[in-house]
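# Observations on the model geometry
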Amino acid sequence: MIEAKNLSVSYGRHIALEDVSIKLDRGDVTVVLGANGAGKTTLVNALAGMVPLLSGTVMLDGRNITFEPAHNRVKLRLATVPQGRGLFPDMSVEDNLSLGSFVSDDKDEIEFRRAEIFRVFPRLKERAKQASSTMSGGEQQMLAIGRALMSSPAYLLLDEPSLGLSPVLTSELFKTIRKIADKGVGVLLVEQNALQSLKIAEQAYLVETGRIVDQGPAQGLRYDASVIDTYLGGRKALPAPVKPKLIGN
Ligand code: ATP
């Protein structure tokens, strides 16, 4: 389990994250929802070790990693897919994937992982030699996740993976994220797409101006009025109530 307690982060005098506590279990998808500027990326970066903390602790499977640099966290099996994907545009798909395997020297193991990722994302196998910049947005997102999976993570942090994807691709991507979690990976899914992300998640947190304002089982939050009003476009987003059929009509 990843257990972060009382995380606070500031950029100069601006407090971007204040006293945030969050838990992430292996095998679960945990969603963090929030509007633009709520502090979601800052939370991902705080967990990944990419921004200094004002206060707080991060424990990974009982080990205190609060002061562990970002590259060590990858070795401790915490991988991150940043917003914007962070791919090397001129490098091929397979070379981008290879970069994710830096935590291991074992060629057989690396080959095994690559084959596994090609099974999850067959499109990447078809495009193995293609420069990543020439891939579609959805394919690039698959590649970014595939690259993170090359480090065989126990925990995966995904920062708005659906950004820029069509509804159909988003739905495919979220199904794949669910499958990754079902293999035992703890996925933190930071999203603005509340409706679809809550469907595949066990737990959810709601962030507003750097603070957690609601949390609980994802299925419960799907029907929470504040979530619906703020992120799902109001109550219209819920299925219309079923009208009772009149017998004998
Ligand atoms: P979005 O969904 O738009 O990506 P977010 O929820 O991920 O937003 P953050 O990127 O974490 O939000 O930003 C939280 C707040 O911190 C915002 O007000 C943002 O302007 C500010 N902020 C983020 N990064 C920096 C920085 N490097 N320097 C100064 N302020 C920053």
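On a predicted model such as this, the values are computed, not experimentally measured, just so you know.

### Regarding the sheet that holds strand β4 (residues 55–60)
Here we have four strands laid out as an open sheet, ordered β2-β1-β4-β5, and antiparallel in their pairing. Where the open sheet ends on each side, the last strands, each with one partner, are β2 (14–24) and β5 (63–64). Both β4 and β5 contribute to a ladder of two bridges, which runs antiparallel. Note that in β5 the partner of Leu-60 across the bridge is Arg-63. The strands that helix α1 (residues 40–48) touches are β1 (2–11), β2 and β4; relative to β1, the one it contacts most, it runs at about 120°.

### Some words on the domain arrangement of the chain
How large an interface is tends to be reported as the accessible area lost when its parts come together. According to the domain assignment, the chain consists of domain 1 (24–51 + 67–77 + 154–235) and domain 2 (87–152). Distance from the C-alpha centre of domain 1 to the C-alpha centre of domain 2: 22 Å. Counting from both sides, the interface comprises 14 residues of domain 1 and, opposite them, 13 residues of domain 2. Across the contact surface, domain 1 and domain 2 share one salt bridge. The shortest N-O distance in the salt bridge between Lys-183 and Glu-116 comes to 2.7 Å. Where domain 1 packs against domain 2, one counts two residue pairs in polar contact (both at pLDDT 80 or more). When contributions to the side of domain 1 that touches domain 2 are tallied by element, the ones reaching two or more residues are α2 (70–75), β7 (155–159) and α7 (167–182). Per-class residue counts for the side of domain 1 that touches domain 2 are nine nonpolar, two polar and three charged.

### Some words on the site of the ligand
Around the ligand, the surrounding shell holds 14 residues, and the nearest of these are Gly-37, Lys-40, Thr-41, Thr-42 and Glu-160. At 3.1 Å, a backbone N or O of Ala-38 approaches an oxygen atom of the ligand. Thr-42 has a polar side-chain atom sitting 2.5 Å from an oxygen atom of the ligand. Considered on its own, the ligand offers 640 Å² of accessible surface; in the complex 61% of this is hidden by protein. At the level of secondary structure, the elements contributing two or more residues to the shell around the ligand comprise β2 and α1. Per element, the largest residue contribution to the shell around the ligand is three residues, and it comes from α1.

### Observations regarding the environment of Ile-177
By the secondary structure assignment, Ile-177 is in helix α7. A C-alpha to C-alpha distance of 20 Å links Ile-177 and Gly-220, two positions 43 residues apart in sequence. Each residue touching Ile-177, except ones within four places of it in the same chain, is listed here: Val-29, Leu-158, Pro-161, Val-187, Leu-189 and Ile-200.

### Focus: the pairing of strand β9 (residues 203–208)
Sheet topology note: the strand β3 (residues 29–34)/β9 ladder contains five bridges and is parallel. Bridge assignment links Gly-34 to a residue of β9, and that residue is Val-207. Alignment of β9 against strand β10 (residues 211–217), held across six bridges, turns out to be antiparallel. When the sheet's bridge partners are listed, Val-207 is paired in β10 with Ile-212. Joining the antiparallel neighbours β9 and β10 is a turn of two residues, in which Thr-209 adopts a positive phi near 35°.

Procedures and definitions
Residues numbered from 1 in each chain as written. Predicted model: local features only at pLDDT ≥ 70, side-chain atom pairs only at ≥ 80, totals over all residues. Heavy atoms only, no water. Pairing = 2+ DSSP bridges. Helix = DSSP H or I, 4+ residues; strand = E, 2+ residues; numbered from the N terminus. Contact = heavy atoms within 4.5 Å. Axes fitted to C-alpha atoms, helices over the stretch in contact; angles between N-to-C directions. Domains from an automatic or database assignment. Salt bridge = Lys/Arg side-chain N within 4 Å of Asp/Glu carboxyl O. Polar contact = N/O pair within 3.5 Å; in protein donor to acceptor, adjacent residues only side chain to side chain. Nonpolar A, V, L, I, M, F, W, Y, C, P; charged D, E, K, R; others polar. Near = heavy atom within 4 Å. Areas by Shrake-Rupley, 256 points an atom, 1.4 Å probe, with all protein chains shown as cover.

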